[in-house]
Amino acid sequence: MLLENWLAFSAASALMLAIPGPTVLLVVTYALTHGRKPAAAIVAGVALGDLTAMTASMLGLGVMLATSATLFTILRWVGGLYLIYLGIKLWRSPVYVSEEVEAPKISLGRMFIHSYTVTALNPKSIVFFVAFVPHFIVASDPFLPQLLIMEATFVTLAALNAALFALLAASARTTLRSPTVKRTVNRMGGGLLVGAGIMAAGYRKAA
C-alpha cells in the first residue's frame, strides 16, 4: 500500500473515531460505573466489532445492504432496538450513595458482547466503510494486502480510542461521587443511547 494512501487513511480514520458515538458512549458508561477493570473486555469488543463490520463491508455485505431495502431495514432495526434497550437499562440503573455498596456486577463476557454488538450492528458504519475505504485503494495493486493493512490500522486506532475514553472516564469516577451527578450521567447516557437507537432504526438510505 502506498505510504501517502496509508497516511491519509489513518488520519481520516482517527478523525472519524474521535467523534463520540454509541460505541464511545457505552465505553464511557461502563468505565464510570465499573472503573478500569472491564476496560480490556470492552476494548476487545469494540475492536472485534469494527473488524466484523469492516470485513463484512469489504466482502460485499455493505453493497448488499446498500441495494437491498429488506436486509438494510432488518439490520438497522436490530441495531436500533438493541441501543434503545441499553439506553433504558442505563436510565433505570440504581445509584449507589455509599462507597461500601458496590454496583451490580456484570460479567466481563456480557460487557464484551454489548460493546461488540453495538459496534458491529451499526448499519451506518457498514455503509460508511463501503463508501470510505475504496478512496484509498489503488486498483492496479493487489486488493487483499491493501485491505489487511487498512483493517489492521483502523482496528488498532479504534482500540486505542476506546481505551483512551475508558481510562479517562475511569479516572473521573473519583470526582463523580455525588448521587445527583451519577443519576444525571446515567440518564444523559441512557437518553443519548435511546436517541442513537431511534436514529439508527429510522435511518433511511439516500435515494
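Details of the structure are given in the entry above.
The text that follows walks through the structure, step by step, so that each part is easy to find. For clarity, every value in this text was computed on a predicted model and none was experimentally measured.

Let us now look at the overall build of the protein. Helix and strand counts for the protein stand at nine helices and zero strands. Taken from N to C terminus, the helices and strands of the protein fall in the order α-α-α-α-α-α-α-α-α. In the structure as shown, the protein presents an accessible area of about 11100 Å², 71% of it carried by carbon and sulfur atoms.

Right, let's get into the packing of helix 1 (residues 3-18) against helix 8 (residues 143-171). Packing of helix 1 against helix 8 leaves a shortest axis separation of 10 Å and a crossing angle of 30°. Crossing of helix 1 against helix 8: the hand is right-handed. The residues of helix 8 that touch helix 1, namely those facing Trp6, Phe9, Ser10, Ser13, Ala14, Met16, Leu17 and Ala18, are Ile149, Met150, Thr153, Phe154, Leu157, Ala158, Asn161 and Phe165.

With that settled, the discussion passes to helix 1. Along an α-helix, residues three or four positions apart point the same way, because every turn accommodates 3.6 residues. With 16 residues, helix 1 should reach 22 Å at 1.5 Å per residue; the first-to-last C-alpha distance of 22 Å fits that figure. Looking at helix 1, one finds that the buried residues are Asn5, Phe9, Ser10, Ser13 and Leu17. Across the axial projection of helix 1, the buried residues extend over an arc of 130°, all falling on one side. Summarising the geometry of helix 1, the exposed residues directed more than 90 degrees from the buried face are Leu3, Glu4 and Leu15.

In this section: the packing of aromatic side chains. Aromatic ring pairs are described here by two measures, namely the spacing of the ring centres and the angle between the planes. Evaluation of the coordinates by the stated rule reveals one aromatic pair. Taking 6.5 Å as the distance between ring centres and 15° as the angle between the ring planes, the aromatic pair formed by Phe112 and Tyr116 counts as stacked. With Phe112 and Tyr116 both in helix 6 (residues 108-120) and four residues apart, this pair spans about one turn of that helix. For Phe112, a relative accessible area of 28% gives the class partly exposed.

So, on to the environment of Ala170. Relative to the elements of secondary structure, Ala170 occurs in helix 8. On the basis of relative accessibility, which here comes to 10%, the residue Ala170 falls in the buried class. Considering only alpha carbons, one finds Ala170 and Tyr30, 140 residues apart in sequence, at a separation of 8.6 Å. Residues within four places of Ala170 in sequence aside, it is in contact with Ala31, Gly35 and Arg36.

To continue, consider the side chain of Glu151. In this structure, Glu151 sits in helix 8. On the basis of relative accessibility, which here comes to 8%, the residue Glu151 falls in the buried class. Setting aside anything within four residues of it in sequence, one finds Glu151 in contact with Leu51, Met54 and Thr55.

Helix packing for two helices is described by the angle between their axes and how far apart those axes are. At a closest axis distance of 7 Å, the pairing of helix 3 (residues 39-58) and helix 6 adopts a crossing angle of 30°. It follows from the interaxial angle that helix 3 and helix 6 lie roughly parallel. Helix 3 and helix 6 meet at a crossing whose hand is right-handed. Across from Ala41, Ile42, Ala44, Gly45, Val46, Leu48, Gly49, Asp50, Thr52 and Ala53 in helix 3, the residues of helix 6 making contact are Leu108, Met111, Phe112, Ser115, Tyr116, Thr119 and Ala120. Split by residue class, the contact of helix 3 with helix 6 holds eleven nonpolar, five polar and one charged.

What follows deals with helix 2 (residues 22-34). Its 13 residues place the ends of helix 2 18 Å apart at the C-alpha level, agreeing with the 18 Å of an ideal helix rising 1.5 Å per residue. Where helix 2 is concerned, the buried positions are Val24, Leu25, Leu26, Val27, Thr29, Tyr30, Ala31 and Leu32. Positioned one or two residues after helix 2, Gly35 has a phi angle of 80°, which is positive.

Here Asn5 is to be found in helix 1. On the basis of relative accessibility, which here comes to 15%, the residue Asn5 falls in the buried class.

The next thing to look at is a nonpolar patch on the surface. Taken together, Met1, Leu3, Trp6, Leu7 and Ile149 make up a surface patch of nonpolar side chains, about 430 Å² in accessible area. At three residues, the largest contribution of residues to the nonpolar patch is made by helix 1. If you trace the backbone, Ile149 turns up in helix 8.

Procedures and definitions
- Residues numbered from 1 in each chain as written.
- Predicted model: local features only at pLDDT ≥ 70, side-chain atom pairs only at ≥ 80, totals over all residues.
- Heavy atoms only, no water.
- Helix = DSSP H or I, 4+ residues; strand = E, 2+ residues; numbered from the N terminus.
- Areas by Shrake-Rupley, 256 points an atom, 1.4 Å probe, with all protein chains shown as cover.
- Axes fitted to C-alpha atoms, helices over the stretch in contact; angles between N-to-C directions.
- Left-handed = near helix turned anticlockwise from the far one by under 90°.
- Contact = heavy atoms within 4.5 Å.
- Expected span 1.5 Å × (residues − 1).
- Buried < 20%, exposed > 50% of the residue type's maximum accessible area, 1.4 Å probe, protein only.
- Arc of directions from axis to C-beta.
- Phe/Tyr/Trp six-rings, centres within 6.5 Å; stacked < 30°, edge-to-face > 60°.
- Parallel < 35°, antiparallel > 145°, perpendicular 65-115°, else oblique.
- Nonpolar A, V, L, I, M, F, W, Y, C, P; charged D, E, K, R; others polar.
- Patch = residues over 30% accessible without salt bridge, like charges linked within 9 Å, V, L, I, M, F, W, Y side chains within 5 Å.
- Salt bridge = Lys/Arg side-chain N within 4 Å of Asp/Glu carboxyl O.

Shape descriptors only; they carry no functional weight alone.
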